[in-house]
Amino acid sequence: MQRTILHVDMNNFYASVECLHRPTIRHLPVAVGGDVEARHGIILAKNDPAKATGIKTGDAIWQARQKCPGLVVVPPNFALYLRFARLAREIYAGYTDQIEPFGLDEAWLDVTASAPLHGDGRHIADEIRARVKSELGISASVGVSFNKTMAKLGSDMKKPDATTVIPHGALPDIVWPLPAGDLLYVGRATTRKLARLGITTIGGIAQADRALLHALLGKWGDVLWGFARGLDDAPVARADASALVKSIGNSATAPRDLVCGQDVLIFITMLAESVATRLRSHGFVCDTVQISIRNNQLFTIERQQKLPQPTNLSGDIIRAAMDIFRAQYDWAYPIRSLGVRACNLSTAQGNVQLSLFEDAAARARRLLLEQTVDHLRARFGYGCIARATLLRDRPLGSINPKDDHVIYPVSFFKEGGPICNRITPAHTKST
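In what follows, the accompanying structure is described. (Residues numbered from 1 in each chain as written. Predicted model: local features only at pLDDT ≥ 70, side-chain atom pairs only at ≥ 80, totals over all residues. Heavy atoms only, no water.)

Examining the overall build of the protein chain
Note the cut-off: Where helices and strands are cited, they refer to DSSP runs of H or I of at least four residues and of E of at least two residues respectively, numbered from the N terminus. Accessible area is worked out with a 1.4 Å probe on protein chains only. A residue is then buried under 20% of its type maximum, exposed over 50%, and partly exposed in between. Any pair of residues with heavy atoms lying within 4.5 Å of one another is described as a contacting pair. In these tables, accessible area is a Shrake-Rupley quantity obtained with a 1.4 Å probe, and a residue counts as shielded only by the protein chains included in the view.
Helix and strand counts for the protein chain stand at 16 helices and 15 strands. Burial statistics for the protein chain: of 431 residues in total, 50% are counted as buried. Restricting to contacts in the protein chain with at least 6 residues of sequence separation, those with at least 24 account for 66%. Total accessible area on the protein chain stands at roughly 20400 Å², and carbon and sulfur atoms take up 55% of it.

Given below as structure tokens:
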């Protein structure tokens, strides 16, 4: 039986919630932005008047103000956004228990079983939009289709406050003429790679030779080829399902551009300690370390490395992260932000293959030392004890990556698939 999948996207979510709570600025161009003084000065969301001036998410605040001198910038209030996200999911729960969040403002719903009670997909989508507007005071766009990829594409096609239906047989007419970058998970780098082959539309991906896409993008080329052809059969997770923890990571924007290896070591040390602390607190070890590097041109790369043995020691994570960085970054530009992520997690209580080339007793002492540091920080505050490395540059080393963060989940696409479970930040990213 063909499924009926909805993707609900609350329009301009952060900015819409802020305008709802600040009536005096509703008619003005409004953006939600980070802390300019702390170098988190980018646009996180904007309302329609601001969007009309050409402001884009990710613009630096100074760039946005050049486009729109009268722009009103308000700081993010994630507690408020979380509340609205929960209220929206209570509305969705009236139609299905298969609700899979995709960030705070988006969610997939499988309403296949609801149709006999509530009507077809379009009717349910229209009803949800009306309830979100009436009960929450903000608008939403909804895509209706036969799988998650096409439902997501539909919600992006018409904004704000619209329902878009993409039937199974309409892909060549509706979907294939769209730009390749409109397809889920086709980012800027992938778009550029595809364009070099002359592939500029979703139809171009669907009609391309699969082996060619695999050669260009690896396994991800196979996935995108299937997405473009409507072959996504990933289920929508149930609302009460426990999400697997795929990784634990942290990233932050530096107070100033990082310009040398010493700067990077300080910043990676700070992030890796936070990651290792969370690994230990949740009872995990990792066998892969991943880093993300964003330069001051806002171009991001991610690289990873497998570890000799699973670990939750910050020293091991720091060494691996620095090894990756030295091998992968050429310093063409200074660095604006860094991230460190521990992947391929397993329980710390499991059996461990001991190394012939490491003193197991010394490793046990290092673990005890780091657990002692955890205890001191829990009792007296994160800044009560620090590595000497972090004291070499106090502005870089004084960020508290464990507490100065906002967490909200973006679900992985499907278990065992190519998408890593990611946590998306506004200020500091963290799982």
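As for the sheet that holds strand β4 (residues 72–74)
As a reminder of what qualifies: At least two DSSP bridges between two strands are needed for those strands to be called paired. Lines fitted to the C-alpha atoms define the axes, with helices restricted to the stretch that makes contact. Angles between their N-to-C directions range from 0 to 180 degrees.
With respect to topology, three strands assemble into an open sheet ordered β3-β2-β4, the strand pairing being mixed. Each edge of the open sheet is held by one strand with a lone partner, namely β3 (43–46) and β4. Averaged over all adjacent pairs, the angle separating strand axes in this sheet is 30 degrees, with direction ignored. Taken together, the three bridges between strand β2 (residues 30–33) and β4 define a ladder with parallel strand orientation. Residue pairing across strands places Ala31 opposite Val73, the latter belonging to β4. Against the sheet, helix α1 (residues 13–21) makes contact with β2, β3 and β4, and its axis sits at roughly 115 degrees relative to β2, the strand it touches most.

Describing the packing of aromatic side chains
Counted only if it meets this: Working definition: a ring pair exists when centres of Phe, Tyr or Trp rings (six-membered ring for Trp) sit within 6.5 Å. Plane angles under 30 degrees give stacked, over 60 give edge-to-face, the rest tilted.
Considering all chains together, one arrives at 12 aromatic pairs under this definition. Taken together, a centroid distance of 5.5 Å and an interplanar angle of 75 degrees make the contact between Phe78 and Tyr81 edge-to-face. Of the two residues, Phe78 and Tyr81 both sit in helix α4 (residues 78–92), three residues apart, roughly one turn of that helix. Take Tyr81: its relative accessible area is 0%, and that puts it in the buried class. Between Tyr185 and Trp220, the ring centres sit 5.9 Å apart and the planes meet at 65 degrees, which makes this aromatic pair edge-to-face. One end of the pair, Tyr185, is in the loop between α8 (171–175) and α9 (188–196); the other, Trp220, is in helix α12 (residues 219–228), and 35 residues separate them in sequence. Among the residues examined, Tyr185 registers a relative accessible area of 24% and is labelled partly exposed.

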